[in-house]
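Inside the fold
As a plain string of letters, each chain reads:
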Amino acid sequence: MEGIVKRWMTGKSYGFIGVEGMEKDVFVHQSDVKSDEILKEGQKVKFDIKDEPRGPKAINVEIIE
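A few points on the structure. (Residues numbered from 1 in each chain as written. Predicted model: local features only at pLDDT ≥ 70, side-chain atom pairs only at ≥ 80, totals over all residues. Heavy atoms only, no water.)

As a further point, take the environment of Ala58. Structurally, Ala58 is set in strand E5 (residues 55-63). Look at Ala58 and you get buried, because its relative accessible area is 0%. As a C-alpha pair, Ala58 and Gly42 span 16 residues in sequence and 16 Å in three-dimensional space. Those residues in contact with Ala58 that sit more than four places away from it in its chain are Ile17, Val26, Phe27, Val28, Asp32, Phe47 and Asp48. (Helix = DSSP H or I, 4+ residues; strand = E, 2+ residues; numbered from the N terminus. Buried < 20%, exposed > 50% of the residue type's maximum accessible area, 1.4 Å probe, protein only. Contact = heavy atoms within 4.5 Å.)

So, in structure tokens, the structure goes:
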């Protein structure tokens, strides 16, 4: 999947990715980003989704340059 980082909580190392066609934003944690680069709002990313009890979670996250 692809989406845009909508919100990023810098001090907490997590945020949410907006995906066109999905009602809920996808949770993402810095530990699931494949590079050491910290995500920023507005970045385009590609990722896989893992279903969690609290909702979808992004894993294998890669920043699209």
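Still to come is the rest of the account.
Per the counting criterion, the structure on display carries five salt bridges. When the shortest N-O distance is used, the salt bridge between Lys6 and Asp25 registers 3.3 Å. Within this pair, whereas Lys6 is found in strand E1 (residues 2-9), its partner Asp25 is found in the loop between strand E2 (14-18) and strand E3 (26-29), the two being separated by 19 residues in sequence. By relative accessible area, which is 23% here, Asp25 ends up partly exposed. The residue Asp32 makes a salt bridge to Lys57 at a minimum N-O spacing of 3.2 Å. A residue pair is termed long-range when its members are at least 10 positions apart, and Asp32 in the loop between E3 and strand E4 (44-52) and Lys57 in strand E5 qualify at 25 residues. Taking relative accessible area as the criterion, Asp32 reaches 17% and is therefore assigned buried. What makes Lys57 partly exposed here is its relative accessible area of 22%. (Salt bridge = Lys/Arg side-chain N within 4 Å of Asp/Glu carboxyl O.)

A word on the pairing of E3. Taking every second residue as pointing to the same face, the buried face of E3 carries Val26 and Val28, while none of Phe27 and His29 on the other face is buried. By the bridge criterion, four bridges tie E2 to E3 in an arrangement that is antiparallel. For Tyr14, the partnering residue across the bridge sits in E3 and is His29. (Pairing = 2+ DSSP bridges.)

Quick look at the packing of aromatic side chains now. Per the counting criterion, the structure on display carries three aromatic pairs. Both rings, one in Tyr14 and one in Phe27, keep their centres 5.6 Å apart while their planes meet at 35 degrees; by these two values the pair is tilted. Of the two residues, Tyr14 sits in strand E2 while Phe27 sits in strand E3, which places them 13 residues apart along the sequence. Ring geometry for Phe16 and Phe27: centres 5.8 Å apart, planes at 70 degrees, overall edge-to-face. Here the residue Phe16 occupies a position in strand E2, and Phe27 occupies one in strand E3, the gap between them amounting to 11 residues. The partly exposed category is assigned to Phe27, whose relative accessible area is 27%. In this structure an aromatic cluster arises from ring pairing among Tyr14, Phe16 and Phe27. (Phe/Tyr/Trp six-rings, centres within 6.5 Å; stacked < 30°, edge-to-face > 60°.)

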